[in-house]
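Per-entry structural report
Residues per chain are reported as follows:
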Amino acid sequence: MSSSVKETVLEINLSHLTHNYTYLKSKIDATVKMLAVVKASGYGSDAAIMATHLEKIGVDYFAVAYVSEGITLREAGITTPILVLHPQPVNFEKLIKYDLEPSIYSLRTLTKFIEVATLNKQKEYPIHIKFNSGLNRIGFGENGIDHIIDKLSKTDSIKIVAILSHLAASEDHSERDFTVHQINLFRKITDIMIERLGYRPLLHQSNTSGLLNYPEAHFDMVRAGIGLYGYGNDAKYDAQLKPVASLKSVISQIHKLEPGDSVGYNRAFKASDFTKTATIPIGHADGISRQYGNKKGFVMIKGKQAFIIGNVCMDMIMVDVTNIDCEEGDEISIFDANSDAAKVAELSGTISYELLTAIAQRVKRIVIDDN
Ligand SMILES: *Cc1c(COP(=O)(O)O)cnc(C)c1O
């Protein structure tokens, strides 16, 4: 049997992306804006492909982690506002040049940004102010308010267009009290900010699971990452979300082993019985880390699990297909709509985000759109 897939590819299903976007939109009020987080190459897929499609179907905002990722989107023709969640001051001038909006999270970054905006003759350059409400990663504390207002009163180079914070455990129902505390603290801080500024910027605090689990945290905009991309069908997310990315490959060769034969480097697998193996052209340089080797990770062939045996090589893995009727050239999947990334990741002690964001650039991205 031949397959439609001829090599290792990451398929990006745009109709699933549309489905997820529409589904998540149905969970928020019509007045609430939708920001799509497309950091880390769109969670390992392809930021430009994702963003181009999302822009077409009406997303209001994008966010990336770094300035370089924002530039990639601008160079792909994206005109929607782009928030940079964690910009480094060394890149502020580039950020302005590419019309990106910084998340300003400390007095140091605020001071530096005002300096760069002023030097570049900006007037009311849009910035987002980030407060820490309990994640303790980046963000001003409540005691930063006076400093922010003081700095603003001395410049017209910048304008606060939004205030944000980030939830620490919105997917975890046992941490409900903590999350409610974060939401209340954000409300308290933003009430003070609005009063001191004399206008109301956009307020945003929710990530995908906040969007799904805490309607009271939607404020004016939500920031959805995984939800849009549906990576995982993770129990912690929502069964309605569809996986957007599928990692597929083909069988390069089949070997029939006698008892005592070994497989791969360091002979890490030794056959105790007659064993049939299939070699697949994907390895740790493609993002299948060593931890998936030695029967931790698996691939799906003809609807059956085939466990990786021996060590993962740089460019290949070998899987056990003793009980699977398959031949060279047959399609296999590491994850797809039926066998999700979260499940594969969990068996190797990690999460789907790590599996997905590790997929190397040399793996070809292919777009499918059933609509
Ligand atoms: C990554 C990120 C998000 C999106 O998180 P998901 O859990 O993937 O929805 C939202 N906001 C910030 C600040 C982030 O860093």
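If you're wondering where the values come from, they're calculated on a predicted model, not measured in any experiment.

With that settled, consider the side chain of aspartate 336. Assignment of secondary structure puts aspartate 336 in the loop between strand E18 (331-335) and helix H11 (341-347). No salt bridge is formed by the buried aspartate 336. Its closest oppositely charged neighbour is lysine 248, at 5.5 Å.

A few words now on the nonpolar core. Membership of the largest hydrophobic core comes to 65 residues, with the highest contact counts inside it found for Phe62, Phe113 and Met193. The dominant element in this core, judged by the number of residues it contributes, is helix H8 (residues 176-197), at 7 residues. Sequence-distant contacts of phenylalanine 113, defined by excluding residues within four places in its chain, comprise Phe92, Leu95, Ile96, Pro102, Ile104, Tyr125, Ile127 and Ile158. Counting 32 residues, the second-largest nonpolar core is a separate cluster that includes Ile254, Val319, Ile334 and Ile359.

Okay, the pairing of strand E7 (residues 158-164) next. Summarising burial for E7: 5 of the 7 residues are buried, a large majority. The sheet contact formed by strand E6 (residues 125-130) and E7 spans 6 bridges and is parallel. Residue isoleucine 127 lies in a different strand from E7, and its bridge partner there is isoleucine 160. Taken together, E6, helix H7 (residues 145-153) and E7 form a β-α-β motif whose crossover is right-handed. Alignment of E7 against strand E8 (residues 202-206), held across 3 bridges, turns out to be parallel. Note that in E8 the partner of alanine 162 across the bridge is leucine 202.

So, on to helix H4 (residues 67-75). Within the span of H4, buried status applies to Val67, Glu69, Gly70, Ile71, Leu73 and Arg74. Taken together, the buried residues of H4 touch helix H2 (39-44), helix H3 (47-56), strand E3 (61-64), strand E4 (82-84) and helix H5 (92-97).

Attention shifts here to the packing of H7 against H8. Taken N-terminus to C-terminus, the directions of H7 and H8 make an angle of 25 degrees; their axes are 11 Å apart at the nearest point. Judged by the inter-axis angle, H7 sits roughly parallel to H8. Handedness of the H7/H8 crossing: right-handed. Residues Ile145, Asp146, Ile148, Ile149 and Leu152 of H7 form the contact with H8, whose participating residues are Ile189, Ile192, Met193, Arg196 and Leu197. Across the contact of H7 with H8, the residue classes tally to 8 nonpolar, no polar and 2 charged.

Spatially, 8 strands are ordered E2-E3-E4-E5-E6-E7-E8-E9 in a closed barrel, and the strand pairing comes out parallel. Taking each pair of neighbouring strands and ignoring which way they run, the sheet shows an average axis angle of 30 degrees. Sitting on the sheet, H8 touches E7 and E8, and the angle it makes with E8 is about 165 degrees.

Our focus in this paragraph is the packing of aromatic side chains. Scanning all chains against the criterion turns up 6 aromatic pairs. Between tyrosine 43 and tyrosine 353 the ring centres are 5.0 Å apart and the planes differ by 70 degrees, which places this aromatic pair in the edge-to-face class. Linking tyrosine 43 in helix H2 with tyrosine 353 in helix H12 (residues 352-357), this pair joins segments that are 310 residues apart in sequence. We classify tyrosine 43 as buried; its relative accessible area is 7%. Between phenylalanine 186 and phenylalanine 219, the ring centres sit 5.1 Å apart and the planes meet at 85 degrees, which makes this aromatic pair edge-to-face.

Here we take up the UniProt feature "domain: Alanine racemase C-terminal" (unreviewed entry) in the protein. As annotated in UniProt, the feature "domain: Alanine racemase C-terminal" (unreviewed entry) corresponds to residues 244-368 in the numbering used here. The span residues 244-368 shows a helical share of 10% and a strand share of 36%, and its end C-alpha atoms are spaced 10 Å apart.

This part covers the domain arrangement of the protein. Domain annotation for the protein reports domain 1 (31-228) and domain 2 (245-368). The gap between the C-alpha centroids of domain 1 and domain 2 is 39 Å. Taken together, the contacts link 8 residues of domain 1 with 8 residues of domain 2. Between the two partners, domain 1 and domain 2, sit 0 salt bridges. The interface formed by domain 1 and domain 2 contains 2 residue pairs in polar contact (both at pLDDT 80 or more). For the side of domain 1 that touches domain 2, the element with the most residues is H2, which contributes 4 residues. Per-class residue counts for the side of domain 1 that touches domain 2 are 4 nonpolar, 3 polar and 1 charged.

Per the UniProt record, the feature "binding site: substrate" (unreviewed entry) sits at Arg137 and Met314. These residues run over 178 residues, and the two farthest C-alpha atoms among them are 34.2 Å apart, placing them at more than one spot. Among the residues just listed, Arg137 line the largest pocket. Secondary-structure assignment places arginine 137 in the loop between E6 and H7. Taking relative accessible area as the criterion, arginine 137 reaches 57% and is therefore assigned exposed. Within the secondary structure layout, methionine 314 lies in the loop between strand E16 (304-309) and strand E17 (317-320). Once residues within four sequence positions are removed from consideration, methionine 314 is found in contact with Gly283, His284, Ala285, Asp286 and Arg362.

What counts, and at which threshold
Residues numbered from 1 in each chain as written. Predicted model: local features only at pLDDT ≥ 70, side-chain atom pairs only at ≥ 80, totals over all residues. Heavy atoms only, no water. Helix = DSSP H or I, 4+ residues; strand = E, 2+ residues; numbered from the N terminus. Buried < 20%, exposed > 50% of the residue type's maximum accessible area, 1.4 Å probe, protein only. Lys, Arg positive; Asp, Glu negative; His and termini not counted. Salt bridge = Lys/Arg side-chain N within 4 Å of Asp/Glu carboxyl O. Core = buried A, V, L, I, M, F, W, Y, C linked by side-chain atoms within 4.5 Å. Contact = heavy atoms within 4.5 Å. Pairing = 2+ DSSP bridges. Right-handed = clockwise from strand over helix to strand, strands pointing away. Axes fitted to C-alpha atoms, helices over the stretch in contact; angles between N-to-C directions. Parallel < 35°, antiparallel > 145°, perpendicular 65-115°, else oblique. Left-handed = near helix turned anticlockwise from the far one by under 90°. Nonpolar A, V, L, I, M, F, W, Y, C, P; charged D, E, K, R; others polar. Phe/Tyr/Trp six-rings, centres within 6.5 Å; stacked < 30°, edge-to-face > 60°. UniProt positions renumbered as here; feature names shortened; annotations may be inferred. Domains from an automatic or database assignment. Polar contact = N/O pair within 3.5 Å; in protein donor to acceptor, adjacent residues only side chain to side chain. 1 Å grid on protein atoms, 1.4 Å probe; cavity = no way out; pocket = protein on both sides within 12 Å on 5 of 7 lines; lining within 4 Å.

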